Amino acid sequence: MLANDLNVGGEQSGHVILRDHNTTGDGLVTALELLRIIKATGEPLSKLRLSMRKYPQLLVNLKVRERIPLDQLSEVTETVQAVERELGSNGRILLRYSGTEPKIRLLVETRDKALLQPVAERVLAPIRKHLAA
């Protein structure tokens, strides 16, 4: 979010960050912002939700020996960048360490469900090579 100067971020769990208000998720702030949008637009939530595009996702958690900063693992970053270029606007990759466990989390999202597993395996290969426990 910071790197791309984005104000809204979220996860499937419902964890939402609204940077204009907080640096961490806050359910009450999220609910109030949603109510503000409903009031401002005059549209019911049932109609507003139609503007959200959901793509198939695959989340993989992999136990790691250590947390080497990802920017120090060129094979990993080069693979992620290559996959992101190939996916273009048809998908995305999110790779991060867990904040609470010795794991790395890979989220793959693509318009084409058939690409999820092959893309994940491609990104996981150098991660397993350098980090897997």
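Quick notes on the rules
Residues numbered from 1 in each chain as written. Predicted model: local features only at pLDDT ≥ 70, side-chain atom pairs only at ≥ 80, totals over all residues. Heavy atoms only, no water. Helix = DSSP H or I, 4+ residues; strand = E, 2+ residues; numbered from the N terminus. Expected span 1.5 Å × (residues − 1). Polar contact = N/O pair within 3.5 Å; in protein donor to acceptor, adjacent residues only side chain to side chain. Salt bridge = Lys/Arg side-chain N within 4 Å of Asp/Glu carboxyl O. Buried < 20%, exposed > 50% of the residue type's maximum accessible area, 1.4 Å probe, protein only. Axes fitted to C-alpha atoms, helices over the stretch in contact; angles between N-to-C directions. Parallel < 35°, antiparallel > 145°, perpendicular 65-115°, else oblique. Contact = heavy atoms within 4.5 Å. Pairing = 2+ DSSP bridges.

Enquirer: Looking at this structure, I do not really get helix H1 (residues 27-41). What am I missing?
Expert: Structurally, the α-helix is built with 3.6 residues per turn, so residues lying three or four positions apart point the same way. Along its 15 residues, H1 runs 21 Å from first to last C-alpha, staying within 8% of the 21 Å computed at 1.5 Å per residue. The N-capping residue of H1, defined by a side-chain oxygen 3.0 Å from the backbone nitrogen of Leu28, is Asp26.

Enquirer: What's the story with the pattern of salt bridges in this structure? I'm lost.
Expert: Opposite charge on two side chains lets them pair, provided their charged atoms get close. The final tally for this structure, using the stated rule, is 9 salt bridges. Of the charged contacts, one joins Arg92 and Glu109 as a salt bridge, the two residues approaching to 2.8 Å between their closest N and O atoms. Remark: Glu109 occurs in strand E5 (residues 103-110) and Arg92 occurs in strand E4 (residues 91-97); sequence separation between them is 17 residues. For the salt bridge of Arg128 with Glu121, the shortest nitrogen-to-oxygen distance reads 3.1 Å. Here Glu121 falls in the partly exposed class, since its relative accessible area comes to 35%. Salt bridges sharing partners connect three or more residues here, namely Glu101, Lys103 and Arg105.

Enquirer: Before we go on, may I ask you to explain the packing of helix H3 (residues 74-87) against helix H4 (residues 116-130) in this structure?
Expert: Between H3 and H4, whose axes approach to 9 Å, the crossing angle comes to 170°. With respect to H4, the element H3 is oriented roughly antiparallel. Each of Glu75, Val76, Thr79, Val80, Ala82, Val83 and Glu86 in H3 lies in contact with H4, whose residues at this interface are Val119, Arg122, Val123, Pro126, Ile127, Lys129 and His130.

Enquirer: Sorry if this is basic, but what is going on with the sheet that holds E4 here?
Expert: Think of a sheet as strands paired side by side through backbone hydrogen bonds, with each pair either parallel or antiparallel. Read from one edge of the open sheet, 3 strands run E3-E5-E4, paired in antiparallel fashion. The strands lining the two open edges of the sheet, one partner per strand, are strand E3 (57-63) and E4. On average, adjacent strands in this sheet sit at an angle of 10° to one another, irrespective of strand direction. Of the strand pairs in this sheet, E3 and E5 are connected by 7 bridges, and their pairing is antiparallel. Bridge pairing in E5 places Lys63 opposite Lys103. Sheet strands in contact with H3 are E4 and E5, and its direction is about 160° off that of E4.

On their own, these measurements won't tell you what the molecule is for.
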